[in-house]
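As a plain string of letters, each chain reads:
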Number of protein chains: 2
Amino acid sequence: MSSNQAKNPLFAVILAGGSGTRFWPLSRSQYPKQVLRLLGSDSMLQATIARLLPRIPLARLAVVTNASQEEVIRLELYQKGWEEIHLWLEPVGRNTAAAVGLAAVRLLAQEGDPVMAVFPADHYIRDLDRLLQALDIGAAWAEQGYLVTFGLLPSRPETGYGYIKAAEPLDSAGLAYKCAKFMEKPDLATAASFLAEGNYYWNSGIFMFRRDIILAALARHLPELSQGLKSLKPDYHPEALAEIYPGLPSISLDHGILERADNVVVVPVDMGWSDLGTWGAFLELFPPDESGNVVQGRILDRGSRDCLLYAQDRLVGTIGLNNLIVVDTPDATLICHREQVQEVKDLVAALDRQNCIEARQHATVQRPWGHYTVMDVGLGYKVKQIEVLPGKRLSLQMHRHRAEHWVVVQGEAQVTIGQEVRKVLANESVFVPPMTAHRLENQSAEPLRIIEVQTGPYVEEDDILRLADDFWRVSDKNK
Amino acid sequence: MSSNQAKNPLFAVILAGGSGTRFWPLSRSQYPKQVLRLLGSDSMLQATIARLLPRIPLARLAVVTNASQEEVIRLELYQKGWEEIHLWLEPVGRNTAAAVGLAAVRLLAQEGDPVMAVFPADHYIRDLDRLLQALDIGAAWAEQGYLVTFGLLPSRPETGYGYIKAAEPLDSAGLAYKCAKFMEKPDLATAASFLAEGNYYWNSGIFMFRRDIILAALARHLPELSQGLKSLKPDYHPEALAEIYPGLPSISLDHGILERADNVVVVPVDMGWSDLGTWGAFLELFPPDESGNVVQGRILDRGSRDCLLYAQDRLVGTIGLNNLIVVDTPDATLICHREQVQEVKDLVAALDRQNCIEARQHATVQRPWGHYTVMDVGLGYKVKQIEVLPGKRLSLQMHRHRAEHWVVVQGEAQVTIGQEVRKVLANESVFVPPMTAHRLENQSAEPLRIIEVQTGPYVEEDDILRLADDFWRVSDKNK
């Protein structure tokens with residue numbers, strides 16, 4: 001049955017709206033888990049998409065995310081040359097049932113009633129072939145009108161996942177089963193009994209169903225949500241969405257639909273999966289050293305055991321630690337007992353309540369043209385180190401309130417200030433007055449690095465008027 | 001006997017050559033423990049000196065320190081207006097016997113054979129009156145030819161201190177005793193037996209003796225050291241000292257003299273003393289909160305117990321820690337089990353072997369005119385934030401290899417570049433080419449802050465030629 005493709009081509013929906021507070025301080029609300037490079041050079045989102053490309057072309061992929069994460073998600077697609085992928089924005093997060101419903105509505109703008117495959121943006125899957133094989137099996141059942149889930153063989157009585165209980169097999173090879181019961185996170189005793197019974201699977205969070213089937217299920221089990229979405233045209237204006245979306249019930253697809261529906265199928269799949277739910281997962285995915293530690297970065301340790309010790313540029317000295325998670329970033333450090341990693345999200349919530357910038361963004365901010373790092377902020381000034389990639393340029397922009405002093409320290413800049421365009425070499429500086437159109441460009445083959453000293457009564461990022469941009473950022477900011 | 005002053009006035013010698021690696025990352029080899037503000041606005045050294053001023057005038061105080069620490073120690077004296085205090089430099093550290101011997105030799109340049117009082121620069125003493133009273137008692141015995149020590153009533157079987165065993169009292173009031181035995185750090189069983197016996201005291205590291213008496217003791221018990229120092233004239237040239245000093249035996253006064261001499265006296269004193277030997281001492285000196293934690297700085301904690309959690313500007317999130325010492329500074333963090341604080345010095349030794357800058361200096365460097373912080377260093381450039389105190393100016397200087405771009409971000413600068421002198425206001429910038437005499441000055445009543453971008457093939461601190469200086473730094477650097 002593995003060659004049994006669905007009749008009409010798949011459409012994949014990646015749910016990428018998670019805030020990823022569990023990976024603080026590596027993740028921030030404006031730099032969520034799905035864009036972290038936790039396992040290699042691709043972000044979690046990029047790796048999720050790359051896994052699907054053998055089956056699904058870019059134009060039949062959509063990423064659903066929160067409007068506040070638009071720029072960071074676009075950057076992920078841009079870096080890969082994946083601008084063809086649809087980006088559908090939620091004005092606020094309303095959990096997975098609403099996100100899937102929104103995707104189903106937008107799909108009306110596409111042809112027919114394709115099978116939608118829904119994926120979390122931030123899971124790890126080691127065995128690609130097994131995933132693709134399972135998708136082929138699932139697509140066939142989805143085409144026949146089932147809500148298809150994918151079940152992972154549990155290796156421990158995990159209380160952090162939902163479980164799927166399988167009933168009778170749907171085929172002689174045992175590749176798919178009717179779903180007997182669908183349960184969110186159990187307690188430890190219940191999880192242990194599931195493991196003992198044997199016909200329980202972890203819910204992978206991957207689903208497949210026809211567009212018309214999921215819309216019917218929403219109408220039946222979540223009528224309020226369905227009613228709200230029905231008022232939307234497929235080519236709705238963002239303002240129309242912003243009007244109805246915040247009022248939709250916030251419920252997961254699992255709770256809202258799959259626990260209640262009777263046409264659910266589970267396809268078991270063993271594909272080296274991890275949801276990378278907490279820092280603890282690192283200690284399972286990476287091979288520990290002889291002391292049980294996973295160590296990365298500028299760590300100098302004496303005698304610690306069973307710890308995750310992770311640092312970036314700064315130096316961290318550790319002595320005699322046991323079962324701790326240590327994660328160091330330029331502006332914030334986490335030190336957490338391994339058994340309390342679930343509390344990291346509570347810590348971040350507290351930071352957010354206290355309005356700490358460290359809950360929201362990093363000192364270094366990625367941009368499509370390169371990146372910048374805020375090095376110093378004081379009353380009436382801000383200092384940034386800015387790196388522009390070869391061949392890239394920032395938008396043509398101006399600021400109302402601030403002047404900028406630029407000193408080129410590496411490479412060679414092409415600078416536009418007002419009507420003047422000129423080269424500025426390393427060790428040269430220029431001055432950009434307020435209310436003056438300007439642009440910074442790197443036409444060379446080497447990175448360009450400048451030190452920017454902003455001065456003025458107001459030096460926040462939102463004092464920017466983008467007049468022209470190589471990326472997608474003019475209309476969004478200025479309309 | 002407490003009013004029994006010595007016949008000739010006291011001379012105090014502060015031993016300030018310690019490297020203070022135990023307080024890393026707050027201390028660095030170029031910013032040792034004695035200059036830390038651990039307990040208030042004065043450094044340990046400043047507090048040590050301030051305690052003596054009721055008895056000893058500035059001109060009869062000398063600080064002995066390592067030549068490599070000259071600038072940082074001078075700055076401590078300068079900040080207090082204590083330029084009158086003698087600063088005697090050791091070319092290399094050779095432990096306390098050599099330092100005291102050197103002081104005794106230098107004292108020949110002073111009048112007579114005064115009683116020398118020797119103090120560690122980095123201890124904490126709560127009860128000033130008790131200290132001064134003990135000094136008065138000790139001075140009288142020192143004047144009579146004894147080597148006077150000061151003994152602290154032990155409160156626990158501490159294995160980190162030396163002990164003094166008292167013999168028969170020397171007066172009816174029990175204010176001083178003959179010393180029966182002098183012992184360096186015992187093991188735990190021995191320390192416990194000392195506590196049980198009752199006539200043992202902790203060695204405070206404070207000593208008093210006549211100059212001629214200690215020179216005689218050195219000649220008898222440490223002839224090699226005595227011989228070496230004898231070749232020095234009291235007004236020796238630094239080069240003469242540099243020739244003999246490294247060859248002197250490196251031994252403590254306790255081991256070298258006091259354990260061997262028979263004319264030792266102990267004056268018991270109960271003065272709220274702590275040697276602040278490790279980070280653990282903080283947990284004893286500061287009142288813990290209801291969870292047993294001592295917390296200072298930007299710490300967000302959930303459920304930690306019995307920890308020292310200390311941060312400066314950065315944010316540290318802690319969850320479920322037990323018995324840990326966490327010390328965060330802008331460029332380095334220490335996380336250490338409370339029972340292993342003794343290993344901090346080993347960690348720093350390892351850092352030093354790896355040539356890590358974090359073992360030697362802070363990101364922010366104190367200067368007599370203010371301070372600077374290195375914010376960014378790259379190939380061919382360095383970025384500093386520089387703050388100049390009101391009324392202060394940097395030296396008139398030039399650099400061979402680097403140019404400097406200055407942007408004033410707060411306050412108002414008086415800038416000299418070559419022959420030109422002019423005001424530079426906030427939001428204005430100037431350029432200082434290489435090989436050009438220049439000076440930065442703050443004539444205003446407000447702090448002056450500038451961002452300095454250095455560019456050139458070599459941007460290290462030692463590319464500086466000081467042509468004129470308000471402080472003490474011209475001759476030292478240029479001879």
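Small disclaimer: the values here were computed from a predicted structure and weren't measured.

What counts and what doesn't
- Residues numbered from 1 in each chain as written.
- Chains lettered and ligands numbered in written order.
- Predicted model: local features only at pLDDT ≥ 70, side-chain atom pairs only at ≥ 80, totals over all residues.
- Heavy atoms only, no water.
- Helix = DSSP H or I, 4+ residues; strand = E, 2+ residues; numbered from the N terminus.
- Rg over C-alpha atoms; globule rule 2.2 N^0.38 Å.
- Contact = heavy atoms within 4.5 Å.
- Areas by Shrake-Rupley, 256 points an atom, 1.4 Å probe, with all protein chains shown as cover.
- Lys, Arg positive; Asp, Glu negative; His and termini not counted.
- Charge placed at Lys NZ, Arg CZ, Asp CG, Glu CD.
- Least-squares fit on C-alpha atoms with pLDDT ≥ 70 in both.
- Buried < 20%, exposed > 50% of the residue type's maximum accessible area, 1.4 Å probe, protein only.
- Pairing = 2+ DSSP bridges.
- pLDDT = per-residue confidence, 0-100.
- Phe/Tyr/Trp six-rings, centres within 6.5 Å; stacked < 30°, edge-to-face > 60°.

Turning to the overall build of chain A, a few remarks are in order. Across its full length, chain A carries 12 helices and 28 strands. The C-alpha atoms of chain A give a radius of gyration of 25 Å, which matches the 23 Å a tight globule of 479 residues would have. Overall size of chain A, expressed as C-alpha extent along the three principal axes, is 75 × 60 × 40 Å. In chain A, of all internal contacts separated by at least 6 residues, the share reaching a separation of at least 24 is 69%. Surface summary for chain A: the accessible area is close to 19400 Å², and the carbon and sulfur share equals 49%. Averaging the positions of the 48 positive and the 59 negative side-chain charges in chain A gives two centres separated by 2 Å.

Time to look at the relation of the copies chain A and chain B. Least-squares fitting of chain A to chain B yields an RMSD of 0.1 Å, with the superposition described by an axial translation of 0.0 Å and a rotation of 180°. Put plainly, the chains are arranged around a two-fold axis. Distance from the rotation axis, computed per C-alpha, reaches its smallest value in chain A at Met375 of chain A: 3.2 Å.

Further remarks concern the pairing of strand β27 (residues 448-455) of chain B. Residues and elements named next belong to chain B. With respect to burial, β27 is a largely interior element, 8 of its 8 residues being buried. By the alternation rule, side chains of β27 split into Leu448, Ile450, Glu452 and Gln454 and Arg449, Ile451, Val453 and Thr455, which are all buried. Relative to β27, strand β22 (residues 403-410) is paired through 7 bridges, and the arrangement is antiparallel. Directly across from Val407, in β27, lies its bridge partner Ile451.

As a further point, take the confidence of the model for chain A. All names here are of chain A. Averaged over all residues, the pLDDT of chain A equals 92, while 96% of them reach at least 70. Every residue in residues 1-6 scores below 50 in pLDDT, and together they form 12 contacts with partners more than four places removed in sequence or on other chains. Taken as a whole, residues 475-479 scores under 50 in pLDDT and shows 5 contacts with residues more than four places along the chain or in a different chain. Both confidence scores are given for the complex: pTM 0.89, ipTM 0.88.

The next point concerns the packing of aromatic side chains. Residues and elements named next belong to chain B. According to the stated counting rule, one finds 26 aromatic pairs over all chains in the structure shown. Ring plane angle 75° and centroid distance 5.1 Å describe the contact between Tyr161 and Trp273, whose orientation is recorded as edge-to-face. Of this pair, Tyr161 sits in the loop between β6 (147-152) and β7 (163-169) while Trp273 sits in strand β11 (residues 273-274), and the two are 112 residues apart along the sequence. Accessibility expressed as a relative area gives 10% for Tyr161, which makes it buried. Arranged with centres 4.0 Å apart and planes meeting at 10°, the rings of Phe194 and Tyr200 form a pair that is stacked. Note on accessibility: Phe194 and Tyr200 belong to one class, buried.

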